[in-house]
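Observations on chain architecture
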Amino acid sequence: MSKTKGYAAPTSKAPLAPYSFERRDPRDHDVVIDIKYCGICHSDIHQTRNEWGDYLEESIFPMVPGHEIAGVVTSVGSKVTKYKPGDKVGVGCFVDSCRTCTECKRDLEQYCSVHTTFTYNSRDNDGKPTYGGYSESVVVDENYVLRMPDNLPLDACAPLLCAGITLYSPLKHWQAGPGKKVAIVGMGGLGHMGVKLAHALGAEVTVLSQSLKKKDDGKRLGADHFYATSDPETFTKLKRYFDLIINTVSAEMDWNEYFNLLKVDGSLVVVGIPEKKIPIGAMGLATGRRSLAGSSIGGIKETQEMLDFCGRHKIASDIEVIPIQKVNEAYERVQKSDVRYRFVIDMASLKNS
Ligand code: NAP
Ligand code: ZN
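Here's what I pulled together on the structure shown here. In this text the structure is predicted, and so the values were computed from the model without any measurement. Along each chain, the written sequence defines residue order, and numbers are assigned to residues from 1. For naming, the first written chain is A and the first written ligand is 1, with later ones following in the order written. Where local features are concerned, this predicted model is filtered to residues with pLDDT of at least 70; where side-chain atom pairs are given and counted, the filter is 80 or more; whole-chain, interface and lining totals use all residues. Note that water and hydrogens are dropped before the side-chain values are worked out from all heavy atoms of the structure.

Remarks on the site of ligand 1
What makes a residue near a molecule or strand is one non-hydrogen atom of that residue sitting within 4 Å of it. Around ligand 1 there are 28 residues in total, and His-42, Met-187, Ser-209, Lys-214 and Arg-342 lie nearest to it. Between Leu-190 and ligand 1, the recorded distance is 2.8 Å, taken from a backbone N or O atom to an oxygen atom. Polar contacts here mean pairs of N or O atoms no more than 3.5 Å apart (in protein, one a potential hydrogen donor and the other a potential acceptor; neighbouring residues in sequence count only if both atoms are side-chain atoms). At a separation of 2.8 Å, an oxygen atom of ligand 1 approaches a polar backbone atom of Ile-297. Per-residue and other accessible areas follow the Shrake-Rupley method at a 1.4 Å probe size, with only the shown protein chains counted as cover for residues. When the free accessible area of ligand 1 is taken as 920 Å², the share hidden by the protein chains comes to 87%. By the criteria applied, helices consist of DSSP H or I runs no shorter than four residues and strands consist of E runs no shorter than two, each listed in order from the N terminus. Contributing elements (two or more residues each) for the shell around ligand 1: helix H1 (42-48) and helix H5 (189-200). Ranked by the residues each element gives to the shell around ligand 1, the list is headed by H1, at three residues.

Dropping the structure here:
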């Protein structure tokens, strides 16, 4: 076992603070990663504050969050073939799965029917809690490690490991591309990656944001159109306009208004996960043969495909790099939608705590 420094939430009510814990000794197939950067995802906030009590078991505390991990390999187990010391690698939202069920065999480990071991707030095969990327190092099986784009800055690529794949996967699944009209609801961490990726895939992209404050940024990131959802006109103008709407918002909203923006056979895909269950009016769905669907991150194979796509298209996240000592302040700002567009923690700052 090796002692590792990090930041943890001691309970759902207390701020994050320095915390020391142990990482396992590397096994034959393990890769030891020196963490350079870790993105702050809104899911980190939901989980440290135990906001998903309606869906999940109680969060596990103390919790070291972080599932947008970018770093460099320092050593590898004796049977590792995919990585070597010095490689730039990433770890996303999960670090293991059963590997044998139908879903794992289809490269959909995030939907493993036995147990997906999430990067934090989860338990590994020995029943021990997992600890995430707000820490100096991590030990992960090589089959759950990703190769980062060589031509892009590592800090700006960290958010691809959750925000990037969470949007790439539904965009691909629902075939966003030339001739398709796609709306991204909410331009935060996930949403801004959705705009960049949908644009690179060749779709016509519209942002539906609370206000027009981010309009210039939206256009710069690749949006063709930008509308405020606070303006009732938006919902009349865009009636039956979209093939695909991806909703990244986790606040309360009137879902039924969004069904009406879909063409016949259009799909509204949920990726934002609100605290409370959502009220759905059946009429808006039935009268347009519309679909309401959901999507969760992406499998390892698709995540690597997304990272390679981002390398080719020079797509990374728009980030604000912070020292780990500012993590609690960053959480407050994310909750106020005051981030352009992802906070990334520079893990070198840990030595000052
Ligand atoms: P974020 O950076 O906070 O972005 C959320 C955006 O939602 C905000 O930037 C804002 O965009 C909009 N928004 C915020 N408050 C709102 C309100 N009261 N009414 C309407 N819109 C509001 O969060 P994120 O990291 O992108 O994560 C978004 C959600 O996705 C979270 O629930 C997270 O847990 C979930 N998530 C899901 C998956 C998955 O696999 N399904 C993966 C990662 C995260 P505008 O200012 O443009 O309106
Ligand atoms: Zn996330």
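Past the structure itself, the notes keep going.
Considering the nonpolar core
One finds Ile-40, Tyr-134, Leu-171 and Leu-197 to be the most contacted residues of the largest nonpolar core, which totals 87 residues. Dropping the residues within four chain positions of it, Ile-40 is found in contact with Glu-68, Tyr-134, Ile-322, Val-327, Ala-330, Tyr-331, Arg-342, Phe-343 and Ile-345. The set of buried Ala, Val, Leu, Ile, Met, Phe, Trp, Tyr and Cys residues whose side-chain atoms join them within 4.5 Å is what this entry labels a nonpolar core. Under the scheme applied here, a residue whose accessible area is under 20% of the maximum for its type counts as buried, over 50% as exposed, and between as partly exposed, the area being computed with a 1.4 Å probe on protein chains only. Phe-235, Tyr-258, Phe-259 and Val-270 belong to the second-largest nonpolar core, a separate cluster that totals 15 residues. Between two residues, a contact is recorded if the distance between any of their heavy atoms is within 4.5 Å.

Considerations on the packing of helix H4 (residues 163-173) against H5
Axes here mean lines fitted to C-alpha atoms, for a helix over just the part in contact, with angles spanning 0 to 180 degrees between N-to-C directions. Running from N to C, H4 and H5 cross one another at 50°; their axes reach a closest spacing of 8 Å. Regarding the angle of H4 to H5, the classification is oblique. Viewed along their axes, H4 and H5 form a crossing whose handedness is right-handed. Residues Ala-163, Gly-164, Thr-166, Leu-167, Tyr-168 and Leu-171 of H4 form the contact with H5, whose own contacting residues are Gly-189, Leu-190, Met-193, Gly-194, Leu-197 and Ala-198. Amino acids outside the nonpolar list (Ala, Val, Leu, Ile, Met, Phe, Trp, Tyr, Cys, Pro) and the charged list (Asp, Glu, Lys, Arg) are all regarded as polar, and Gly is one of them. A class-by-class count of the residues in the contact of H4 with H5 yields eight nonpolar, four polar and no charged. Put simply, angles under 35 degrees are roughly parallel, angles over 145 are roughly antiparallel, angles from 65 to 115 are roughly perpendicular, and the rest are oblique. For a crossing to be left-handed, the near helix must be turned anticlockwise from the far one by less than a right angle; the clockwise case is right-handed.

A look at the packing of H4 against helix H10 (residues 300-313)
Contact geometry for H4 and H10: axes closest at 10 Å, N-to-C directions at 100°. Between H4 and H10, the crossing angle belongs to the class labelled roughly perpendicular. The segment H4 lies against H10, with Gly-164, Ile-165, Tyr-168, Ser-169 and Lys-172 engaging Glu-302, Thr-303, Glu-305, Met-306 and Phe-309. For the contact of H4 with H10, a count of residues per class yields four nonpolar, three polar and three charged.

Here's the deal with the layout of surface pockets
A pocket, in this scheme, is an open set of points on a 1 Å grid over the protein atoms alone with protein on both sides within 12 Å along at least 5 of 7 lines, while a cavity is a set where a 1.4 Å probe fits but cannot get out; residues line either one if an atom lies within 4 Å of a point. Grid points are joined across faces, edges and corners, and a volume is the space filled by probe spheres set on the points. Computed from the structure, the second largest pocket encloses a volume of approximately 540 Å³. Surrounding the second largest pocket, 24 residues form its lining, Arg-24, Asp-124, Pro-129, Thr-130 and Val-139 being those nearest its centre. Sorting elements by how many residues they give to the lining of the second largest pocket places strand S8 (residues 137-141) first, with four residues. Its residues assigned to classes, the lining of the second largest pocket comprises eight nonpolar, five polar and eleven charged.

Concerning H10
Here, expected helix span is obtained from the residue count minus one, scaled by 1.5 Å. If you check H10, its first and last C-alpha atoms are 20 Å apart, about what 14 residues at 1.5 Å a residue would give, namely 20 Å. Looking at H10, one finds that the buried residues are Ile-300, Glu-302, Thr-303, Gln-304, Met-306, Leu-307, Phe-309, Cys-310 and Gly-311. As for H10, its buried residues are in contact with strand S6 (94-96), strand S9 (146-147), H4 and H5. Downstream of H10 by one or two residues, Lys-314 has phi in the positive range, about 55°.

Purely geometric numbers; function is a separate question.
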